[in-house]
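Here are the chains, one letter per residue:
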Amino acid sequence: MQKHKLILNIRMPVKKIGITALVPPELIFACGASPFDVNNVIPSSRKYPGNKLCAWTAIWKEMLVKKEIHVDSLIVVAGGDCHNALVDGQKAAMSGINTHFFFYPFDGDPLYMESQLHRLSEFLGGIKRPEKFKEIRELKKQGLIIDTKRCCGKLSSSEAFRTLISFSDLAGDLPGFTRNISTLEETDIDLGNRIALIGVPPIYHDFHEVARSLGLHIVFDELPYEFIRHGGTTIQEMAHDYCNYTFARPLEFRIDFLKKELRRRKVDGVIHYTQFACHHMLEDEIMRKKLDYPMLTIQGDLPGNTPQQIKLRLEAFREMLDRI
Amino acid sequence: MIGLDVGSTAAKMVWIENGDIKFRITSTHKWKELVEGIDGDNIVSTGYFRNSVPHRASLTELTAAIYGVRHYFPNAEVIVDIGGQDTKVIDVRNNNFLINDKCSAGTGAFLEFVANYFRIELHELGTMHAKADRIPDINNTCGVFALSEMISQLVGGYTKEEVIAGMHYAFARKISYMIPEARSIVLIGGTVKNEGLVAALRDVLKKEVLIPDEPQIINALGALKYFS
């Protein structure tokens with residue numbers, strides 16, 4: 001009897017799967033693994049990589065290769081998102097990490113998306129815990145509520161951002177993440193200037209607090225919003241939803257989506273964060289032409305506190321919005 | 001009330017006396033001398049160190065520049081503020097601005113670097129430029145490598161005056177990439193006192209270049225105007 005009990009309690013260790021951008025976390029959990037967004041450690045990392053273009057990809061690559069981040073496997077989002085990740089992902093793969101390259105369809109083809117999700121599922125050993133799809137769908141509904149609360153001044157932008165950005169991997173721990181969400185306390189915030197933050201998230205860990213202290217309340221974080229708005233309870237459903245991941249689609253598609261969100265959230269201005277040596281920098285002039293809002297473009301490079309030069313730009317932008 | 005602009009290299013103080021604009025300028029590290037005996041409640045500040053000095057209110061040098069320039073040129077379209085450590089281009093019409101603070105090649109720091117190399121005073125760069133017969137090409141966009149290129153031109157037979165003129169043109173080209181289409185631009189900042197640089201900018205930009213009487217005090221004046 002005692003022996004039988006022991007056997008029942010033995011569980012296979014949950015595999016930790018590194019992800020480099022948006023990879024459907026519901027599928028990873030459903031395959032019995034745990035996602036770990038390798039970007040989430042970077043803003044507080046104080047790492048200065050030796051050979052780099054974009055610091056985001058260079059740092060996770062270096063940390064993976066040096067085993068400062070331990071993952072059992074790595075999923076690199078290569079097609080239609082981050083171009084530097086394609087190379088830095090291969091460098092990580094060459095260091096011996098079991099790596100899968102995941103591609104989004106540029107044209108939004110759901111069948112292509114479905115084939116990619118099937119390949120990903122195979123790489124992860126197949127779906128073993130389908131109940132996770134619904135569990136995560138419910139969690140993402142909570143994410144949308146958090147986003148709405150932040151937008152109407154019931155939650156600080158920094159707290160909302162910290163939570164929403166974690167939806168990429170749900171902290172690899174569904175019960176813990178659910179508990180954390182439930183501890184968020186409502187508050188009343190004077191919104192002042194309502195700002196949309198578009199582009200990749202800033203590499204500075206205190207950016208939202210700094211913006212707030214300078215009178216800029218971020219009511220929209222473009223990329224974290226992608227983390228909460230996509231989902232599905234089957235591979236087919238996910239394919240039809242994730243194929244519209246805006247960062248992977250043509251610019252016109254993304255801009256149309258942004259226009260609706262900016263209008264819905266009644267933003268006063270847009271901050272376009274660009275990362276040094278990132279292709280998003282090339283998109284800036286198009287964003288400026290197509291989005292009819294006062295726009296500040298800032299460029300970051302290495303992680304840490306928001307530098308004084310960026311603070312000057314934010315403050316001048318606030319003064320400009322006050323003048324309009 | 002006084003307007004105090006404490007920038008990266010110079011501190012400027014402006015006040016209005018019987019309708020006339022009065023000012024004092026000193027090095028940044030001597031800023032305290034400017035405000036000796038003046039209560040912080042009577043100071044409005046701007047510039048890089050605006051929040052490190054006593055002040056009743058502060059604003060960024062970008063907004064201060066707009067208010068200061070409007071005193072002289074109410075219809076200013078584009079302002080180019082060439083400071084000691086950065087260059088700011090403000091498109092007043094479109095509420096837009098650009099700042100170069102990553103590269104020294106288009107800032108006063110580069111001119112200081114060159115003057116030190118030639119062992120001359122900063123203000124002599126302009127007078128030496130005027131004596132140049134030819135303008136050598138200096139193409140490097142990096143300040144340090146531009147100096148290497150200048151040395152090569154000296155070895156190649158150009159005079160010191162000509163190489164300095166070539167450097168001013170390289171500087172002007174570097175800034176020109178930041179400037180939007182406009183009929184005219186207003187130049188401000190201490191660096192604008194360099195006549196050689198201004199001549200090069202006029203030639204490269206091919207547009208009307210307006211300069212206030214005392215371009216270095218514009219931001220201090222703007223802070224004063226904003227809060228008056």
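Residues numbered from 1 in each chain as written. Chains lettered and ligands numbered in written order. Predicted model: local features only at pLDDT ≥ 70, side-chain atom pairs only at ≥ 80, totals over all residues. Heavy atoms only, no water.

Student: Give me the overall build of chain A: which residues, what numbers.
Tutor: Each helix and strand in chain A was counted, giving 14 helices and 8 strands. Computed over its C-alpha atoms, the radius of gyration of chain A comes to 20 Å, within 12% of the 20 Å expected for a compact globule of 324 residues. Referenced to the eigenvectors of the C-alpha coordinate spread, the extents of chain A come out at roughly 75 × 45 × 40 Å. The buried share of chain A, reckoned over its 324 residues, is 56%. Taking the intrachain contacts of chain A between residues at least 6 apart in sequence as the baseline, contacts between residues at least 24 apart amount to 73%. A total accessible area of about 14,300 Å² is found for chain A, and carbon and sulfur atoms account for 54% of it. The average position of the 43 basic charges and that of the 41 acidic charges among the side chains of chain A differ by 4 Å. (Helix = DSSP H or I, 4+ residues; strand = E, 2+ residues; numbered from the N terminus. Rg over C-alpha atoms; globule rule 2.2 N^0.38 Å. Buried < 20%, exposed > 50% of the residue type's maximum accessible area, 1.4 Å probe, protein only. Contact = heavy atoms within 4.5 Å. Areas by Shrake-Rupley, 256 points an atom, 1.4 Å probe, with all protein chains shown as cover. Lys, Arg positive; Asp, Glu negative; His and termini not counted. Charge placed at Lys NZ, Arg CZ, Asp CG, Glu CD.)

Student: Talk me through the pairing of strand β3 (residues 20-27) of chain B; I want residue IDs and the actual numbers.
Tutor: The pairing of strand β2 (residues 10-17) of chain B with β3 of chain B spans 8 bridges and is antiparallel. Across the sheet, residue E17 of chain B finds its bridge partner in β3 of chain B, namely D20 of chain B. (Pairing = 2+ DSSP bridges.)

Student: Give me the lowdown on a nonpolar patch on the surface, citing residues and values where you can.
Tutor: Together, F113, V144 and F145 of chain B line one region of the surface with nonpolar side chains, adding up to about 290 Å² of accessible area. Here F145 of chain B shows up in helix α5 (residues 143-155). (Patch = residues over 30% accessible without salt bridge, like charges linked within 9 Å, V, L, I, M, F, W, Y side chains within 5 Å. Salt bridge = Lys/Arg side-chain N within 4 Å of Asp/Glu carboxyl O.)

Student: Requested: an account of unusual backbone geometry, with residues and values cited.
Tutor: Residues and elements named next belong to chain A. The backbone of L170 sits at a positive phi, close to 50°, despite the residue not being glycine. Relative to the assigned elements, L170 resides in the loop between α7 (157-165) and α8 (174-182). A relative accessible area of 0% means that L170 is categorised as buried. Even without glycine at this site, A171 takes up a positive phi of about 55°.

Student: Lay out the pattern of salt bridges in plain terms, naming residues and giving numbers.
Tutor: Residue and element names in this part refer to chain A. Applying the stated rule across the entire model yields 33 salt bridges over all chains. Between R265 and D147 there is a salt bridge, with the nearest N and O atoms lying 2.7 Å from each other. Taken together, the residues span a long stretch of sequence, with R265 in the loop between α12 (251-264) and β7 (269-275) and D147 in helix α6 (residues 131-151) at a distance of 118 residues. Residue class for R265 comes out buried when judged on its relative accessible area of 2%. Overlapping salt bridges, with partners in common, bring together D147, R150, D221, E261, R264 and R265 in one network.

Student: Account for the sheet that holds strand β3 (residues 73-79) of chain A, naming residues and giving values.
Tutor: Residues and elements named next belong to chain A. Spatial ordering of the open sheet is given by β2-β1-β3-β4, a layout of 4 strands whose pairing is parallel. Of all strands in the sheet, those bounded by a partner on one side alone are β2 (33-37) and β4 (98-103). Strand-to-strand twist across the sheet, computed as the mean angle between neighbouring axes with direction ignored, equals 30°. As paired strands, strand β1 (residues 15-19) and β2 are joined by 5 bridges and run parallel to one another. Bridge pairing in β2 places I19 opposite D37. (Axes fitted to C-alpha atoms, helices over the stretch in contact; angles between N-to-C directions.)

Student: Which residues make up helix α6 (residues 160-176) of chain B, and what values do they have?
Tutor: Because the α-helix completes a turn every 3.6 residues, residues three or four places apart line up on one side. When the terminal C-alpha atoms of α6 of chain B are compared, their 24 Å separation across 17 residues agrees well with the 24 Å that a helix rising 1.5 Å per residue should span. Burial analysis of α6 of chain B places 13 of its 17 residues in the buried class, which makes it a mostly covered element. (Expected span 1.5 Å × (residues − 1).)

Student: Please give an account of the sheet that holds β2 of chain B that cites residues and values.
Tutor: Pairing in this open sheet of 5 strands is mixed, and the strands run β3-β2-β1-β4-β5 (chain B) from one edge to the other. Of all the strands in the sheet, just β3 and β5 (57-58) of chain B have a single pairing partner and so form its edges.

Student: Lay out the environment of D81 of chain B with the relevant residues and their values.
Tutor: Residues and elements named next belong to chain B. Topologically, D81 is positioned in strand β6 (residues 78-82). For D81, a relative accessible area of 6% translates into the label buried. Sequence separation of D81 and I188 is 107 residues, and the distance between their C-alpha atoms is 4.7 Å. Beyond its immediate stretch of four places on either side in the chain, D81 contacts D86, T87, K88, I188, G189 and N219.

Student: Describe the pairing of strand β1 (residues 2-6) of chain B, listing the residues and the values that go with them.
Tutor: Residues and elements named next belong to chain B. Buried residues dominate β1, accounting for 5 of its 5 residues. The alternating pattern of β1 places I2, L4 and V6 on one face and G3 and D5 on the opposite face, and all of these are buried. Sheet topology note: the β1/β2 ladder contains 4 bridges and is antiparallel. Considered in β2, the bridge of V6 is made with A11. Where β1 folds back onto β2 in an antiparallel hairpin, the turn is made up of 3 residues.

Student: Give a description of helix α5 (residues 110-123) of chain A that names residues and reports values.
Tutor: Residue and element names in this part refer to chain A. Between its first and last C-alpha, α5 extends 20 Å over 14 residues, near the 20 Å set by a 1.5 Å rise per residue. Along α5, the residues classified as buried are M113, E114, Q116, L117, L120 and S121. What you see down the axis of α5 is that its buried residues fit within an arc of 160°, all on one side. Exposed side chains of α5 directed beyond 90 degrees from the buried face belong to L111 and E122. Contacts from the buried residues of α5 go to α2 (25-30), β3, β4 and α11 (235-242). The distance from a side-chain oxygen at the start of α5 to the backbone nitrogen of L111 is 3.0 Å, and the residue carrying that oxygen is D109. G125 occupies a position one or two residues after α5 and carries a positive phi of about 95°. (Arc of directions from axis to C-beta. Polar contact = N/O pair within 3.5 Å; in protein donor to acceptor, adjacent residues only side chain to side chain.)

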